[in-house]
Amino acid sequence: MAITLFAKLWSDHEIQMLDGGDSLIYIDRVFLHERTGSVALESLSSEGRTLRSPAQVFCSMDHIIDTLPGRGDTTLVPGGTEFIHSTRQASRQAGIRLFDVNDSDQGIVHVISPELGIVQPGCTLVCPDSHTCSQGALGALAWGIGSSQAEHAMATSTLVVKKPLTMRVMLTGGLSPAVTAKDLILHLIARHSTAGGAGYAIEFAGEVVSGLDVEARLTLCNMAVEFSAFTALIAPDQKVFDFLRGRPYAPSGENWDRAVAYWQTLRSDPGAQFDREIELDCGEVEPVVSWGTSPQQACGITGRVPMIEAGLSENDRATLARTHEYMGLKPGQSLRGLTIDAAFIGSCTNSRITDLRLAAAVLRGRKVASTVRAICVPGSQAVKRQAEAEGLHRIFRNAGFEWREPGCSMCFFAGGEGFTYGERVATTTNRNFEGRQGPGVRSHLASPATVAASAVAGSLADPRDYLS
Amino acid sequence: MRKFTVLRGVAAPLLRANIDTDAIIPSREMKLVSKKGLGVGLFAGWRYTVAGGREPNPDFVLNRPEYADATILLSGRNFGCGSSREHAVWALSEYGIRAVIAPSFGVIFHGNCERNGILPVVLPEAAVQAIAAAVAENPQRQQVAIDLEQQKVASPDGREFEFEIAPSSRQMLLEGLDQIGMTLGHLDAIEAFERAFRKRRPWLFEA
Ligand code: SF4
């Protein structure tokens, strides 16, 4: 029988079906971070439980730590230092590998896990963080969970999971210049709404996906959670194998050959049935920017804030009016040219070396507008080292960007560093919710190219005007 | 975990769609490495007059006297979307919310609720609005009743709405079971699976 990639991974890890239709799924890897992982570790030990396989559990410091140069354990986040200390102590007690504040492998969990070869095709990986779906880009079954589930996974090496439905999203056509994976995922969500993927494990496929490099695939899968999907995944191919070869936690020696032989079977069989299939013609996608407080409120950079449609319910109207007010925008207003106060390049969506190279291509020989505060936060120590080896840090700095230490930084506001009330920010992150980057802050999601171009212009700008 | 069988209580409407976990508990309110002490931060961005402050905003629904002691929330689509932080559920729970009725929920949040003894009830948008309307006149008296055993919500206007829930979640909530303990009951099966799996995929266990 022809079966889907998802079904192959599921059945390879299904220990048994439980009464009521849920499955007991074997978990190969658990990743934690200091924000939610600390609580999970503490709670587990306070209940007197132990980790079944500490060697399969990893933890990063990324969410609460500062990203200012010269940082240590103190952080601007209120109470943050306690999270850092407690994570360190709990990790030591639990005997798990911690990527500590200034460890040479430290970085944002979804950046370092692929980079170190911790996530691999065909494995199950969970993390108490919603963007764990990113890691499906390598052909893994990786999804975000709550802290209690993380405790469950650590104590039992399993999770109780309801099997999601399957959806295939075919990305066809060609990509226009300056259009990136970020634009594609924003476009998909704008077209099919943030509820479009609810209940599904999504497989991205098609010629456009095959053409994307592994880092771009990570960006594509990153926002599956904004699409409400259980997770996303992509069949691993030679690009993935080449990406993983030689990474610190990737299989070695004889195991490598065995692993690759297995990984090559990880694809949906021809004729496999999905519960839902949608197709996206990528040729029609232009650089996308969000205008509202939900990722679905996005459109092409040459577009306008949509008019309020007739026939909307009173509730939807009120919600929309609130969005316009929060964002300081009017229906019909054009996005391009909208003055910004800040630009942020970073986060698990867009902080990898290819993202920084793209932004640098826009910034080379240019200056950030004097009215804009611009910040670049590499996703990991390795990305930062690589960027510095290529001289990218000089391009960012010369343009007027701050060049930071790796971490989540101002992707989200936790009471520490943030943008100022009412500020408008062009950002490569994944969430534009009210207050996400600080109380009253107006976030416009876009690709690194668009954010860099906007930083230079001092207003939302079309990257095609800056990339030749 | 606290059992959930039948609940009758004041239901407060927060009918906006897409209320995310950061709105439920802002990041800045998660100051301790603990599941406790979060109730005061619930909806802090809306509930208090200034960010980080503690002066109640009189307009916010949970601060209005008629909705005092609410144990049920009525909400719009996609409640609990966004960040996976379980703190959102711990905050609701500590505040005293025992059930949320909405047309849909963020996936991770939905599971987090069930594991913490809060019942997420999925009803069509029209039903949620009908219940909110029926409550509005006198919320303290016009209470809503939820019967998990029967899988029914009784609106104060006498209408009843049936809802679906996964059988395993229903059992866990009804009996107040601890999921780790339940799973460790299958330890033999887990170990047998693991032995075979390690042989099949040895590269996943390289030390
Ligand atoms: S970079 Fe932002 S979205 Fe990604 S894990 Fe960190 S806080 Fe979450």
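None of these values were measured; they are calculated from a predicted model.

(A) Representation of the sheet that holds strand 5 (residues 97–99) of chain A. Residues and elements named next belong to chain A. Across the sheet, five strands lie side by side as 5-4-3-6-7; this open sheet has parallel pairing. Of all the strands in the sheet, the pair left with one neighbour each is strand 5 and strand 7 (141–144). For this sheet the average axis-to-axis angle between neighbouring strands, irrespective of direction, equals 20°. Relative to strand 7, strand 6 (residues 124–127) runs parallel, the two sharing four bridges. Among the inter-strand pairings, cysteine 127 is bridged to a residue of strand 7, identified as glycine 144.

(B) Representation of the nonpolar core within the structure. In terms of nonpolar packing, the biggest core is built from 111 residues, with Phe396 of chain A together with Phe43, Phe79 and Ile146 of chain B touching the most fellow members. Those residues within four positions of phenylalanine 43 of chain B in sequence are excluded, and the remaining contacts are Leu14, Ile19, Ala23, Ile24, Phe60, Leu62, Leu73, Phe79 and Leu92 of chain B. If you look at the next biggest cluster of nonpolar residues, it comprises 110 residues, including Val57, Ala201, Ala216 and Trp263 of chain A.

(C) Spatial organisation of the interface of chain B and chain A. Counting residues at the interface gives 54 residues for chain B, matched by 70 residues for chain A. For the pairing of chain B and chain A, the buried interface totals around 5,100 Å² over both sides, and the portion due to carbon and sulfur atoms is 53%. Three residues stand out in chain B for area buried against chain A, namely Val33, Ile180 and Trp203 of chain B, and they jointly supply 15% of the buried area on that side. Viewed at the interface, chain A and chain B are joined by seven salt bridges. The shortest N-O distance in the salt bridge between lysine 35 of chain B and glutamate 151 of chain A comes to 3.1 Å. For the pair chain B and chain A, the number of links is 24 residue pairs in polar contact (both at pLDDT 80 or more). Every element with two or more residues in the side of chain B that touches chain A is listed here: helix 3 (87–95), helix 4 (107–115), helix 6 (167–175), helix 7 (179–184) and helix 8 (187–200) of chain B. Considering each element in turn, the side of chain B that touches chain A owes the most residues, nine residues, to helix 8 of chain B. Taken together, the residues of the side of chain B that touches chain A sort by class into 22 nonpolar, 16 polar and 16 charged.

(D) Region of interest: the site of the ligand. Neighbouring residues of the ligand: His63, His110, Asp129, His131, Ser347, Cys348, Cys408, Cys411, Phe412, Asn430 and Arg436 of chain A. By residue class, the composition of the shell around the ligand is four nonpolar, five polar and two charged.

(E) Molecular detail of the packing of aromatic side chains. Considering all chains together, one arrives at 21 aromatic pairs over all chains under this definition. Here the aromatic rings of tyrosine 26 of chain A and phenylalanine 193 of chain B are separated by 5.4 Å at their centres, their planes lie at 40°, and the arrangement is tilted. Highlighted residues: tyrosine 26 of chain A in strand 2 (residues 23–26) and phenylalanine 193 of chain B in helix 8, drawn from two different chains. Exposure class is identical for tyrosine 26 of chain A and phenylalanine 193 of chain B. Each is buried. Consider the rings of tryptophan 143 of chain A and phenylalanine 230 of chain A, whose centres lie 5.2 Å apart with planes at 35°: the pair is tilted. Here phenylalanine 230 of chain A lies in the loop between helix 8 (214–222) and strand 11 (231–233) and tryptophan 143 of chain A lies in strand 7, a separation of 87 residues in the sequence. A relative accessible area of 3% means that tryptophan 143 of chain A is categorised as buried.

(F) Broad picture of the side chain of asparagine 432 of chain A. Residues and elements named next belong to chain A. Topologically, asparagine 432 is positioned in the loop between strand 18 (424–427) and strand 19 (442–445). Reaching out from asparagine 432, the side chain makes a polar contact with the backbone oxygen of glycine 292 at a distance of 3.0 Å. Looking at asparagine 432, its side chain comes within polar contact range of the main-chain oxygen of serine 294, at 3.1 Å. In contact with asparagine 432, not counting residues within four places along its chain, are Ser290, Gly292, Thr293, Ser294, Pro295, Ser443 and Leu445.

How each quantity is defined
Residues numbered from 1 in each chain as written. Chains lettered and ligands numbered in written order. Predicted model: local features only at pLDDT ≥ 70, side-chain atom pairs only at ≥ 80, totals over all residues. Heavy atoms only, no water. Pairing = 2+ DSSP bridges. Helix = DSSP H or I, 4+ residues; strand = E, 2+ residues; numbered from the N terminus. Axes fitted to C-alpha atoms, helices over the stretch in contact; angles between N-to-C directions. Core = buried A, V, L, I, M, F, W, Y, C linked by side-chain atoms within 4.5 Å. Buried < 20%, exposed > 50% of the residue type's maximum accessible area, 1.4 Å probe, protein only. Contact = heavy atoms within 4.5 Å. Buried area = accessible area lost by both parts, 1.4 Å probe. Salt bridge = Lys/Arg side-chain N within 4 Å of Asp/Glu carboxyl O. Polar contact = N/O pair within 3.5 Å; in protein donor to acceptor, adjacent residues only side chain to side chain. Nonpolar A, V, L, I, M, F, W, Y, C, P; charged D, E, K, R; others polar. Near = heavy atom within 4 Å. Phe/Tyr/Trp six-rings, centres within 6.5 Å; stacked < 30°, edge-to-face > 60°.

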